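Spelled out from the first residue to the last, the chains are:
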Amino acid sequence: MTSIQFFVLALTLYLVGALLSLFASPRTSRGVAAFFGLIGSLSALLAAILALTEGTPPSLTLFAIQPFGEFTFQMDLLSTLMVALIALVGAATSLYSFSDAPANVSVSFFTDLFMASMLVVVTVTNAFYFLVFWEVMTLASYFLVVWEFDKKESARTGFIYFLVAHIGAALIMVTFFLFFGKAGTFDFAGIRAASIPSAVKDIVFVLAFLGFGAKAGMVPLHFWTPDTYAAAPNHVSALMASVMKKTAVYGILRFCVDLLGGSALWWGFTVLIFGALSTVFGAFYALSEKDIKRLLALSSVENVGIILMGVGLGMVGLALPFPTLAVMGFLAALYHMLNHAFFKGLLFLGAGSVIGQTGTRDLNQMGGLARRMPWTALTFLVGTLAVTAIPPLNGFVSEWFTYQALLNAAGSDLFALRVFAPLFAIVLALAGAFAVMVYVKAYGGAFAGPARSENARFAKDPSAASVVSLVYLALGTIVLGLGAPWIAPRIAAVAADFAKQPLIAVSAGWTMYPGNPLVSIVSTPLVAILVLGLLTVPVIVVAAYGGWRASRRSNVEPWSNGYGYSSVMSVRASSFDQPVKVSFRPLYWVRTLVERPYRAAANFYNAAVESVRRAEPVVENAVTRPTLKLVETAGQWIQTLQMGDIRLYCLYIIITLAILLVVLFGGSGS
């Protein structure tokens with residue numbers, strides 16, 4: 001089979017799984033959707049692997065409808081990377097959902113539909129069909145967010161998500177109409193070839209960037225993410241944070257870089273500034289959260305910011321032109337997209353396991369889970385080390401490339417870049433410091449210290465399928481870090497291909513460098529060996545000097561300032577955020593200010609729904625029921641006139657004729 005046949009097979013499997021789950025019991029539907037989701041993801045992964053071996057991008061045209069154009073799938077290098085990303089994370093979430101997804105027919109149906117729509121979005125080559133399946137993806141995710149539809153909070157969260165998603169979709173729709181107005185076609189190839197005036201390009205860029213940026217959750221359009229991810233089922237939260245956000249970044253790359261050419265310098269600066277703001281504010285806001293899913297959601301805002309910083313640097317490189325900066329920026333962005341998909345998927349699934357066992361999302365009610373959930377604790381630790389860019393894991397690699405791109409930018413001839421690039425590097429470092437605090441708090445609150453609730457005391461690892469999915473993502477995180485010298489050149493090839501720039505060398509042997517090995521060099525395998533040595537040498541030294549015999553220990557109760565020990569004295573998640581909240585109160589006020597209009601709209605919607613619900617019985621009692629009574633009474637009275645006597649009917653006719661004569665001629669006689 002060819003790559004495109006495996007791709008079509010993957011779509012078919014997702015859709016078959018979705019449809020079959022509709023006819024099964026809730027428990028069976030979960031297994032059906034998970035099974036077809038898993039083999040569909042494996043088929044999509046095979047399609048991506050085979051596509052890389054083919055000389056030209058594989059494509060398939062299914063039909064054409066005028067004036068919309070052809071419905072064609074195409075797997076160029078960028079689309080292939082996206083298909084692989086969706087498949088790799090989709091396999092993990094499907095495996096996890098065998099036993100730890102809600103037994104709910106609606107969730108099963110929309111999960112497989114959600115994954116199928118994302119695959120179409122990243123491979124279709126026509127703006128009209130892109131928008132159609134973008135909408136399918138949005139609606140599927142909306143119904144997954146409001147799956148607990150009987151809860152008011154779920155409905156309110158779903159409404160805000162629906163509102164923001166469709167404002168973004170409206171902006172994207174206007175973008176496509178502008179494209180069609182100038183190019184006369186929705187096909188990407190026709191749009192690329194069209195001569196579009198600079199002013200129209202500027203408008204298209206602004207609309208597309210805001211539309212896709214809202215979906216990506218960049219600051220200040222990020223406020224929907226914490227509540228949305230918290231409301232969705234755990235495996236869906238992982239999909240939304242790890243994959244759906246990347247489809248929005250794919251939209252920015254496809255429309256602002258590939259189709260528009262990324263030709264204006266201010267476009268790159270705009271993306272870079274929004275990325276920097278998202279990076280620092282996302283990490284900062286995450287620090288104040290004690291809800292583990294909201295914390296991870298806000299951390300995703302930070303990581304989207306890092307990705308956008310790479311995209312912005314790449315666009316600046318295109319506009320200058322500075323090919324090395326362009327490829328380095330896009331390489332950093334694409335590598336971080338892939339890395340974030342793995343470690344954030346891992347963290348959301350790990351958080352889901354913890355929530356399933358403790359029955360709470362509150363970090364203050366957890367604690368001590370490392371002893372009771374060792375596999376979850378170990379894999380979650382790998383995720384936290386990766387997301388905080390600790391070498392040699394994958395988060396370190398993509399952030400290293402981002403720093404190198406910023407240093408490249410600082411060495412350019414453009415004065416603004418020489419001034420601002422170092423400042424952006426400082427912002428990234430500041431966000432990194434916040435991220436370390438966030439994940440020390442998250443891991444410490446959930447897994448360290450004493451158990452702070454009855455459920456936490458009796459927690460245990462989830463099912464074997466869920467543990468396998470966690471281990472799989474953790475291994476992927478490690479491989480993407482240690483294998484960076486061999487993976488980075490492939491991602492650089494993707495970046496150079498869609499940016500239409502010459503390929504630059506970024507690695508040799510076990511080492512990586514930013515285009516020139518004399519500027520900077522790093523080797524993650526060597527770092528791994530040094531870290532292992534750092535951990536094992538002290539153990540060997542202790543063993544060599546006979547230090548295994550522990551000194552005598554006194555087993556007494558601890559105390560603090562003269563008071564006896566209580567579990568309340570242990571460090572909790574809230575111990576981290578209280579000083580931050582007090583010190584940076586104005587920044588939290590800014591967040592409240594930005595969110596206020598949308599929350600006001602949601603409150604108005606809820607109030608309107610409640611008013612309609614209350615008005616319904618009033619209208620029924622005051623209008624509907626009396627009207628029905630009147631009609632019924634009138635009907636009964638009319639029935640009394642129907643006596644079945646022909647003489648009475650003749651009398652009715654005569655009376656009617658008499659009345660008509662009076663009406664017609666009575667007036668003229670006077």
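Residues numbered from 1 in each chain as written. Predicted model: local features only at pLDDT ≥ 70, side-chain atom pairs only at ≥ 80, totals over all residues. Heavy atoms only, no water.

1. Some words on the overall build of the protein chain
Next, step 1: From N to C terminus, the protein chain includes 24 helices and six strands.
Next, step 2: C-alpha atoms of the protein chain, sized along the principal axes, occupy 130 × 75 × 55 Å.
Next, step 3: Split into buried and exposed, the 670 residues of the protein chain put 52% on the buried side.
Next, step 4: As displayed, the protein chain has an accessible area near 29200 Å², and 70% of this comes from carbon and sulfur atoms.
Next, step 5: Taken as two groups, the 40 positive and 30 negative side-chain charges of the protein chain have centres that lie 8 Å from each other. (Helix = DSSP H or I, 4+ residues; strand = E, 2+ residues; numbered from the N terminus. Buried < 20%, exposed > 50% of the residue type's maximum accessible area, 1.4 Å probe, protein only. Areas by Shrake-Rupley, 256 points an atom, 1.4 Å probe, with all protein chains shown as cover. Lys, Arg positive; Asp, Glu negative; His and termini not counted. Charge placed at Lys NZ, Arg CZ, Asp CG, Glu CD.)

2. Side note on the packing of helix α12 (residues 292–319) against helix α16 (residues 394–410)
Next, step 1: Contact geometry of α12 with α16 gives a least axis separation of 10 Å together with a crossing angle of 35 degrees. Viewed along their axes, α12 and α16 form a crossing whose handedness is left-handed. Of the residues in α16, those in contact with Ile306, Met309 and Leu313 of α12 are Glu399, Thr402, Ala405, Leu406 and Ala409.
Next, step 2: Grouping the constituent residues of the contact of α12 with α16 by class yields six nonpolar, one polar and one charged. (Axes fitted to C-alpha atoms, helices over the stretch in contact; angles between N-to-C directions. Left-handed = near helix turned anticlockwise from the far one by under 90°. Contact = heavy atoms within 4.5 Å. Nonpolar A, V, L, I, M, F, W, Y, C, P; charged D, E, K, R; others polar.)

3. Examining the pattern of salt bridges
Next, step 1: What the rule picks out here adds up to eleven salt bridges.
Next, step 2: Among the salt bridges present, the one from glutamate 153 reaches arginine 156, with a minimum N-O distance of 2.8 Å. Here glutamate 153 pairs with arginine 156, and both are found in helix α6 (residues 152–183), just three residues apart, close to one helical turn. (Salt bridge = Lys/Arg side-chain N within 4 Å of Asp/Glu carboxyl O.)

4. Thoughts on a nonpolar patch on the surface
Next, step 1: A contiguous nonpolar patch, built from Ile653, Leu657, Leu660, Leu661, Leu664 and Phe665 and spanning about 630 Å² of accessible area, is present on the exposed surface.
Next, step 2: Within the secondary structure, leucine 657 sits in helix α24 (residues 646–669).
Next, step 3: Classification of leucine 657 as partly exposed rests on a relative accessible area of 49%. (Patch = residues over 30% accessible without salt bridge, like charges linked within 9 Å, V, L, I, M, F, W, Y side chains within 5 Å.)

5. Some remarks on helix α19 (residues 464–482)
Next, step 1: The terminal C-alpha atoms of α19 lie 27 Å apart, and with 19 residues this matches the ideal 27 Å at 1.5 Å per residue to within 8%.
Next, step 2: For α19, the elements touching its buried residues are α3 (77–100), α13 (323–358), α15 (374–387), α16, α20 (484–499) and α21 (524–544). (Expected span 1.5 Å × (residues − 1).)

6. Structural notes on the nonpolar core
Among soluble globular proteins, nonpolar side chains are generally buried collectively.
Next, step 1: Among the nonpolar cores identified, the biggest contains 197 residues, and Val311, Phe330, Leu334 and Phe401 are the most heavily contacted of them.
Next, step 2: Top contributing element to this core by residue count: α13, with 22 residues.
Next, step 3: Look past the residues within four positions of phenylalanine 401 in its chain and what remains in contact with it is Met328, Leu331, Ala332, Tyr335, Ala488, Val506, Met512 and Tyr513. (Core = buried A, V, L, I, M, F, W, Y, C linked by side-chain atoms within 4.5 Å.)

7. Notes on α20
Next, step 1: The end-to-end C-alpha separation of α20 is 21 Å, in line with the 22 Å expected for 16 residues at 1.5 Å each.
Next, step 2: When we look at burial in α20, the residues that qualify are Ala484, Pro485, Ala488, Ile491, Ala492, Val494, Ala495, Ala496, Phe498 and Ala499.

8. Examining unusual backbone geometry
Next, step 1: The linkage connecting glutamine 66 with the following residue, proline 67, adopts the cis geometry, with an omega of 5 degrees.
Next, step 2: With respect to the secondary-structure elements, proline 67 resides in the loop between β1 (59–65) and β2 (69–74).
Next, step 3: For the bond from proline 391 to proline 392, the omega torsion is 10 degrees, close enough to zero to count as cis.
Next, step 4: Checked against the element boundaries, proline 392 lands in the loop between α15 and α16.

9. What about the pairing of β1?
Next, step 1: Relative to β2, β1 runs antiparallel, the two being bridged by six bridges. Counterpart to alanine 64 in the pairing with β2 is glutamate 70.
Next, step 2: The antiparallel hairpin formed by β1 and β2 contains three residues in its connecting segment. (Pairing = 2+ DSSP bridges.)

10. So, the environment of glycine 217
Next, step 1: If you trace the backbone, glycine 217 turns up in the loop between α8 (198–216) and α9 (224–231).
Next, step 2: Separated by 83 residues in the primary sequence, glycine 217 and serine 300 have C-alpha atoms spaced 8.3 Å apart.
Next, step 3: Setting aside chain neighbours within four positions, we find glycine 217 in contact with His222, Trp224, Thr225, Lys245 and Val301.

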